[in-house]
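Okay, here's what each chain looks like letter by letter:
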Amino acid sequence: MSLKESNEITVKITCPLQELHRILEFKGFKIIDKFTMDDKFMILKTTNLKEENSRDILAKAILIRDIIGNMEKRKTKKITFKNKQFDSQGNIVFQNSINCDITNIEDAISIFQAIGYFQVMEIVENDIVYEKDGFQLAIKDIKNGAKLIEIETDEKYDTIDKLKMKLKEIKIPVDENDYFVKKAELELDKVKKRLA
């Protein structure tokens, strides 16, 4: 089991993905990783999807995560629980995740179903991670969803403000009106709309 503490910004991309790839490569960024992430979100059967807001529902959700590396041919399967703290404007001020490696996705889903959970949604995304001079950003192409860039804090860029400043400095086409796009909330809102 592992505990990961970091924060991140996530912004929407405002141009076609191929154009963004060309821009990053022109600016000297190199691809360092590619992977596909398949997240199955498990919530309690007693959850009232119509009445509870998406953020509160996701605060109690368990992720069954399957990551398949396209460059290193790695496979990671794990159960993840995320803890996020928000300020009054909806900005993420702190987050951590507890992760437990597993060997079988279907078995993990079955055990959670046995204790009263069900799969509310699945988010599949293709990620490409770029790096230049130690600064990393991940392009997230969500199946039937948003196109995003996610950047996590690290030793050099250890605050959200430093991440924002660096993103502005490299001048790439992103929506700077929202640095905390919450992909899971966007996708859960779609699920709730279909139920309405």
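Everything numeric here is computed off the predicted structure, so don't read it as measured data.

## Quick notes on the overall build of the protein chain
Along the protein chain, the regular secondary structure elements total five helices and nine strands. Along the protein chain, helices and strands appear, N-terminal first, in the series β-β-α-β-α-β-β-β-α-β-β-β-α-α. Its C-alpha atoms give the protein chain a radius of gyration of 17 Å, within 12% of the compact-globule value 16 Å for 196 residues. Each principal axis of the C-alpha distribution contributes one length, and for the protein chain these read about 50 × 40 × 30 Å. Relative to its 196 residues, the protein chain shows a buried fraction of 46%. Taking as baseline every contact in the protein chain between residues at least 6 positions apart, the subset at least 24 positions apart corresponds to 67%. In the protein chain, 35 positive and 35 negative side-chain charges are present, and the distance between their average locations comes to 3 Å.

## Let's talk about helix 5 (residues 183-195)
Across its 13 residues, helix 5 extends 19 Å between first and last C-alpha, which sits within 8% of the 18 Å expected from 1.5 Å per residue. Of all the residues in helix 5, the buried ones are Lys183, Ala184, Glu185, Glu187, Leu188, Val191 and Lys192. Where helix 5 is buried, its residues contact strand 3 (30-44), helix 2 (54-59), strand 5 (75-86), strand 7 (117-132), strand 8 (135-142) and strand 9 (147-152).

## Remarks on the nonpolar core
If you look at the biggest cluster of nonpolar residues, it comprises 25 residues, and the most contacted ones within it are Leu137, Ile139, Ile149, Leu167 and Ile172. Elements with a contribution of two residues or more to this core: strand 2 (8-12), helix 1 (17-26), strand 7, strand 8, strand 9 and helix 4 (160-170). Residue contributions to this core peak at four residues, all from helix 4. Beyond its immediate chain neighbours, meaning those up to four positions away, isoleucine 149 contacts Ile9, Thr10, Val11, Ile13, Leu20, Leu137, Ala138, Ile139, Ile172 and Val174. In terms of nonpolar packing, the next biggest core, distinct from the first, is built from 17 residues, Phe41, Leu58, Ala184 and Leu188 among them.

## Description of the pairing of strand 7
Here strand 3 pairs with strand 7 via 14 bridges, running antiparallel. Its bridge partner lying in strand 7, aspartate 39 is registered against isoleucine 123. Relative to strand 8, strand 7 is paired through eight bridges, and the arrangement is antiparallel. Counted as the bridge partner of tyrosine 130 is leucine 137 from strand 8.

## Describing the pattern of salt bridges
Enumeration over the complete set of coordinates arrives at 14 salt bridges. We note a salt bridge from lysine 40 to aspartate 38, for which the minimum N-O separation is 3.2 Å. Overall, lysine 40 belongs to the buried group, its relative accessible area being 15%. Looking at aspartate 38, the relative accessible area reads 18%, which means it is buried. Note that lysine 183 is salt-bridged to glutamate 125, the shortest N-O span being 2.5 Å. With a gap of 58 residues between them, lysine 183 in helix 5 and glutamate 125 in strand 7 connect regions that are remote in the sequence. A relative accessible area of 2% places glutamate 125 in the buried class.

## Re unusual backbone geometry
Even without being a glycine, aspartate 133 presents a positive backbone phi close to 50°. Locating aspartate 133 in the fold gives a position in the loop between strand 7 and strand 8. Even without glycine at this site, asparagine 144 takes up a positive phi of about 55°. Of note, asparagine 144 is situated in the loop between strand 8 and strand 9.

## Here's the deal with the side chain of aspartate 33
Tracing the backbone shows aspartate 33 in strand 3. Aspartate 33 gets classed as buried once you look at its relative accessible area, which sits at 14%. In terms of polar contacts, aspartate 33 uses its side chain to reach the side chain of arginine 74, at 3.0 Å. Setting aside chain neighbours within four positions, we find aspartate 33 in contact with Met71, Arg74, Asp127, Ile128 and Val129.

Conventions and cut-offs
Residues numbered from 1 in each chain as written. Predicted model: local features only at pLDDT ≥ 70, side-chain atom pairs only at ≥ 80, totals over all residues. Heavy atoms only, no water. Helix = DSSP H or I, 4+ residues; strand = E, 2+ residues; numbered from the N terminus. Rg over C-alpha atoms; globule rule 2.2 N^0.38 Å. Buried < 20%, exposed > 50% of the residue type's maximum accessible area, 1.4 Å probe, protein only. Contact = heavy atoms within 4.5 Å. Lys, Arg positive; Asp, Glu negative; His and termini not counted. Charge placed at Lys NZ, Arg CZ, Asp CG, Glu CD. Expected span 1.5 Å × (residues − 1). Core = buried A, V, L, I, M, F, W, Y, C linked by side-chain atoms within 4.5 Å. Pairing = 2+ DSSP bridges. Salt bridge = Lys/Arg side-chain N within 4 Å of Asp/Glu carboxyl O. Polar contact = N/O pair within 3.5 Å; in protein donor to acceptor, adjacent residues only side chain to side chain.

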